[in-house]
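Report on the structure
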Amino acid sequence: QERLVESGGGWVQPGGSLRLSCIASGEMFSLFRVLTIGWWRQAPGKERELIAHISKSGYGNYDQSVAGRFTISRDNDNQMVYLQMDRLEPEDTAVYYCNERLESWPWGQGTQVTVSS
């Protein structure tokens with residue numbers, strides 16, 4: 001089945017870490033390696049926001065809310081993108097999604113990240 005599948009979320013205490021994964025499974029994503037891929041998040045009651053993206057060559061760009069704490073990376077051979085999240089804060093609580101930068105792919109289910117003590 002062609003879809004984006006995010007995983008790796010969970011509950012973590014403030015200051016903790018999580019590593020999210022996203023796989024683009026199927027022929028629909030055949031251009032994966034030449035596209036800029038991003039991670040978005042949607043907190044309760046808020047709109048979905050782009051927090052990080054990575055160019056086809058591996059250059060990462062971050063929203064100021066996560067810069068210095070999150071690291072985006074990609075594996076083009078396996079059509080996967082990752083988000084290493086360190087020094088997590090309660091404000092990072094959200095559902096996290098991946099997509100190509102222009103949001104042209106169907107959204108996946110996302111993965112829930114909860115940061116609380």
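Residues numbered from 1 in each chain as written. Predicted model: local features only at pLDDT ≥ 70, side-chain atom pairs only at ≥ 80, totals over all residues. Heavy atoms only, no water.

Observations concerning the overall build of the protein
A count of helical and extended segments in the protein gives zero helices and 10 strands. Each helix and strand of the protein, placed in order from N terminus to C terminus, yields the pattern β-β-β-β-β-β-β-β-β-β. Radius of gyration (C-alpha) of the protein: 13 Å, near the 13 Å computed for a compact globule of 117 residues. With respect to the principal axes defined by its C-alpha atoms, the protein has extents near 40 × 25 × 25 Å. A buried classification covers 43% of the 117 residues belonging to the protein. A separation of at least 24 residues holds for 54% of the contacts in the protein among residues at least 6 apart in sequence. For the protein, the computed accessible surface area is about 6,300 Å², with 45% contributed by carbon and sulfur atoms. The positive charge centre, built from 11 side chains, and the negative charge centre, built from 14, are 2 Å apart in the protein. (Helix = DSSP H or I, 4+ residues; strand = E, 2+ residues; numbered from the N terminus. Rg over C-alpha atoms; globule rule 2.2 N^0.38 Å. Buried < 20%, exposed > 50% of the residue type's maximum accessible area, 1.4 Å probe, protein only. Contact = heavy atoms within 4.5 Å. Areas by Shrake-Rupley, 256 points an atom, 1.4 Å probe, with all protein chains shown as cover. Lys, Arg positive; Asp, Glu negative; His and termini not counted. Charge placed at Lys NZ, Arg CZ, Asp CG, Glu CD.)

Quick notes on the nonpolar core
Core analysis: the biggest nonpolar cluster contains 27 residues, and Trp39, Ile51, Phe70, Val81, Leu83, Met85 and Tyr96 have the highest contact counts within it. Ignoring sequence-local partners within four residues, the contact set of Tyr96 consists of Glu6, Leu20, Trp39, Trp40, Arg41, Ile51, Phe70, Leu83, Met85, Gly110, Thr111 and Val113. (Core = buried A, V, L, I, M, F, W, Y, C linked by side-chain atoms within 4.5 Å.)

Observations regarding the pattern of salt bridges
Under the definition given, this model contains five salt bridges. When the shortest N-O distance is used, the salt bridge between Arg41 and Asp92 registers 2.9 Å. Here the residue Arg41 occupies a position in strand β4 (residues 37–42), and Asp92 occupies one in the loop between β8 (80–85) and β9 (94–100), the gap between them amounting to 51 residues. Classification of Arg41 as buried rests on a relative accessible area of 6%. (Salt bridge = Lys/Arg side-chain N within 4 Å of Asp/Glu carboxyl O.)

Describing the state of the cysteines
Applying the stated rule across the entire model yields one disulfide. There is a disulfide in this structure between Cys22 and Cys98, and the S-S distance comes to 1.8 Å. On the S-S bond that ties Cys22 to Cys98, the torsion sits near 45°, and the link is right-handed. Of this pair, Cys22 sits in strand β3 (residues 18–25) while Cys98 sits in strand β9; the two residues are 76 residues apart in sequence, bridging distant segments of the chain. Accessibility classification places Cys22 together with Cys98 in one group, the buried group. (Disulfide = S-S within 2.5 Å.)

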